[in-house]
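Given next are the chains, with one letter for each unit.
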Amino acid sequence: MYTPLNEHDIFPTEDDEYNNYKWVTINNRVMKVQDMKDGTYEVLQTISTDPNDYLDEQYSPGAKIRL
C-alpha cells in the first residue's frame, strides 16, 4: 500500500500528540497543520499535485496561518 503519510501520522505515539494535528484544505491545498494554542496553526506538510503549491511561501512548512 502506498501513502504519502509517514508511519507516525498513521500510528501516532500518543493520543494527545495526534489531537494537536489537523488536515485542512485552504485554497484547494491540503495541508497538515499543528495547533499552536495561540490561535494560529503551523503548516507541517502540504499534499498537492500542483508543483506551484510547494513554491508558495505562505503555505510552506513552518509558516503560521489562521483558520
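Residues numbered from 1 in each chain as written. Predicted model: local features only at pLDDT ≥ 70, side-chain atom pairs only at ≥ 80, totals over all residues. Heavy atoms only, no water.

Moving on to the overall build of the protein chain. On a plain count of helices and strands, the protein chain comes out with 3 helices and 4 strands. Secondary structure elements of the protein chain occur, N-terminal to C-terminal, as α-α-β-β-β-α-β. For the protein chain, the spread of C-alpha atoms along the three principal axes comes to 35 × 35 × 15 Å. The buried share of the protein chain, reckoned over its 67 residues, is 24%. Expressed as a percentage of contacts within the protein chain between residues at least 6 apart in sequence, the contacts between residues at least 24 apart total 28%. Accessible surface computed for the protein chain: about 5100 Å², of which carbon and sulfur atoms make up 48%. Here the protein chain contributes 6 positive and 13 negative side-chain charges, whose respective centroids are spaced 7 Å apart. (Helix = DSSP H or I, 4+ residues; strand = E, 2+ residues; numbered from the N terminus. Buried < 20%, exposed > 50% of the residue type's maximum accessible area, 1.4 Å probe, protein only. Contact = heavy atoms within 4.5 Å. Areas by Shrake-Rupley, 256 points an atom, 1.4 Å probe, with all protein chains shown as cover. Lys, Arg positive; Asp, Glu negative; His and termini not counted. Charge placed at Lys NZ, Arg CZ, Asp CG, Glu CD.)

The next subject is the pairing of strand 2 (residues 29-35). Here strand 1 (residues 21-26) runs beside strand 2; their pairing, made up of 6 bridges, is antiparallel. Paired with Lys 22 across the bridge in strand 2 is Val 33. Here strand 1 folds back onto strand 2, and the loop between the two strands holds 2 residues, one of which, Asn 27, carries a positive phi near 50°. Relative to strand 3 (residues 41-47), strand 2 runs antiparallel, the two sharing 6 bridges. Bridging from a neighbouring strand, Gln 34 pairs with Glu 42 of strand 3. Counted between consecutive antiparallel strands, the loop separating strand 2 from strand 3 contains 5 residues, among which Lys 37 sits at a positive phi close to 65°. (Pairing = 2+ DSSP bridges.)

Let us look at the nonpolar core. Listed in full, the 8 residues of the largest apolar core are Val 24, Ile 26, Met 31, Val 33, Tyr 41, Val 43, Tyr 59 and Ile 65. Broken down by secondary-structure element, the contributors of at least two residues to this core are strand 1, strand 2 and strand 3. (Core = buried A, V, L, I, M, F, W, Y, C linked by side-chain atoms within 4.5 Å.)

Overall, the coordinates contain 0 aromatic pairs when judged by the stated rule. Sitting over the face of the ring of Tyr 21, Lys 32 holds its NZ or CZ atom 4.4 Å from the ring centroid. (Phe/Tyr/Trp six-rings, centres within 6.5 Å; stacked < 30°, edge-to-face > 60°. Lys NZ or Arg CZ within 6 Å of the ring centre and 35° of its normal.)

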